[in-house]
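This is what each chain is made of:
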Amino acid sequence: MSKCEQCIVKQFNSLKSLTKEELVRISGCKTSKTIKKGEVIFEEGDIVNGVFCIKDGICKLSKLSANGKDQIVKLVVKGDLLGQRSLVTEETANLSAVALNDMEVCFIPKSEIISDLSKNANFSMDVLKDMANDLRQADDIIVNMAQKSVRQRLAETLVYLYESFGTNPDKTLSVILSREDYANIVGTAVESAIRVLSQFKKQGLISTSGKKIKIENLEGLKRVE
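The structure displayed is predicted, hence computed values, not measured ones.

Some points on the UniProt feature "domain: HTH crp-type" (unreviewed entry) in the chain
Item 1. When the UniProt feature table is mapped to this numbering, "domain: HTH crp-type" (unreviewed entry) covers residues 148–219.
Item 2. Span residues 148–219 is 54% helix and 11% strand, its end C-alpha atoms 18 Å apart.

Details of the UniProt feature "domain: Cyclic nucleotide-binding" (unreviewed entry) in the chain
Item 1. Cross-referencing UniProt, the feature "domain: Cyclic nucleotide-binding" (unreviewed entry) maps to residues 14–134 in the present numbering.
Item 2. The span residues 14–134 is 26% helix and 34% strand, and its two end C-alpha atoms sit 14 Å from each other.

Observations concerning the side chain of Lys 110
Item 1. Topologically, Lys 110 is positioned in helix α2 (residues 110–119).
Item 2. Given a relative accessible area of 11%, Lys 110 falls into the buried group.
Item 3. Once you skip the residues sitting within four places of it in the chain, Lys 110 turns out to touch Asn 49, Gly 50, Ser 86, Leu 87, Thr 89 and Glu 90.

Examining helix α1 (residues 20–27)
Item 1. Considered for burial, the residues of α1 that qualify are Glu 22, Leu 23, Ile 26 and Ser 27. Seen from one end, α1 has its buried residues packed into an arc of 135°, which puts them on one side. Exposed side of α1, more than 90 degrees from the buried face: Lys 20 and Glu 21 are the residues found there.
Item 2. Its buried side turned inward, α1 meets β8 (103–109) and α2.

Cut-offs applied
- Per-chain numbering applies: the sequence of each chain, read as written, is numbered from 1 onward.
- Local features in this predicted model are restricted to residues of pLDDT 70 or higher, and side-chain atom pairs are both shown and tallied only at a pLDDT of 80 or more, whereas totals for entire chains, interfaces and linings draw on every residue.
- Heavy atoms throughout the structure, all of them, feed into the side-chain values; hydrogens and water do not.
- UniProt positions are given in the numbering used here, feature names are shortened, and annotations may be inferred rather than shown by experiment.
- Elements are defined by DSSP. Helices are runs of H or I of four residues or more, strands are runs of E of two residues or more, and each kind is numbered from the N terminus.
- Throughout this description, buried means an accessible area under 20% of the type-specific maximum (1.4 Å probe, protein chains only), exposed means over 50%, and partly exposed covers the range between.
- Contacts are assigned to residue pairs that have any heavy atoms within 4.5 Å of one another.
- Starting at the helix axis, one direction is taken to each C-beta atom, and the arc is that of these directions.

Structure, rendered in structure tokens:
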């Protein structure tokens with residue numbers, strides 16, 4: 001089990017603002033675990049009571065609508081903290097978190113880190129910045145849903161996955177999502193997502209092999225209207 005003060009992952013989140021002494025203390029109480037692809041980390045309504053530091057892997061955060069449809073609002077990746085809202089509120093989880101591939105995470109109990117929020121101003125500020133960034137992303141999602149077509153939203157999702165996570169040796173996107181996941185990200189029916197992906201394929205923008213997608217014309221995807 002790696003020690004927090006020696007872990008390079010902390011440089012990508014608010015834990016970087018903790019002192020060595022604070023990190024040593026947290027390291028002594030954290031729990032490390034492997035989460036398998038498809039496994040639920042927490043669900044809407046759960047009491048999280050701490051934060052998950054993502055050491056490896058990707059998970060999706062989604063919200064279940066009144067009609068039973070999932071809306072994926074964010075992909076959480078290596079270096080991110082999951083559950084920071086639980087540090088400043090007693091509310092239950094507003095979203096569900098599910099692993100998209102095998103993950104390595106560390107769980108830090110709220111009881112062990114809450115005092116650092118009041119004692120370490122830099123840490124508190126970084127937590128607030130992360131939460132503000134989440135709000136900005138939520139604003140962007142609302143605007144995109146209202147003003148952009150399904151084609152634009154799906155094209156932007158493919159570009160985001162390509163630029164943020166890269167590709168496999170065979171040049172396919174390293175993040176493999178189901179057609180339902182794509183539909184839930186852009187906020188449309190699965191049938192519509194499949195139809196738009198087929199259009200992109202016919203236009204030479206992408207090629208597919210099962211669930212795998214290869215970007216054939218990145219600039220073309222960026223110009224989709």
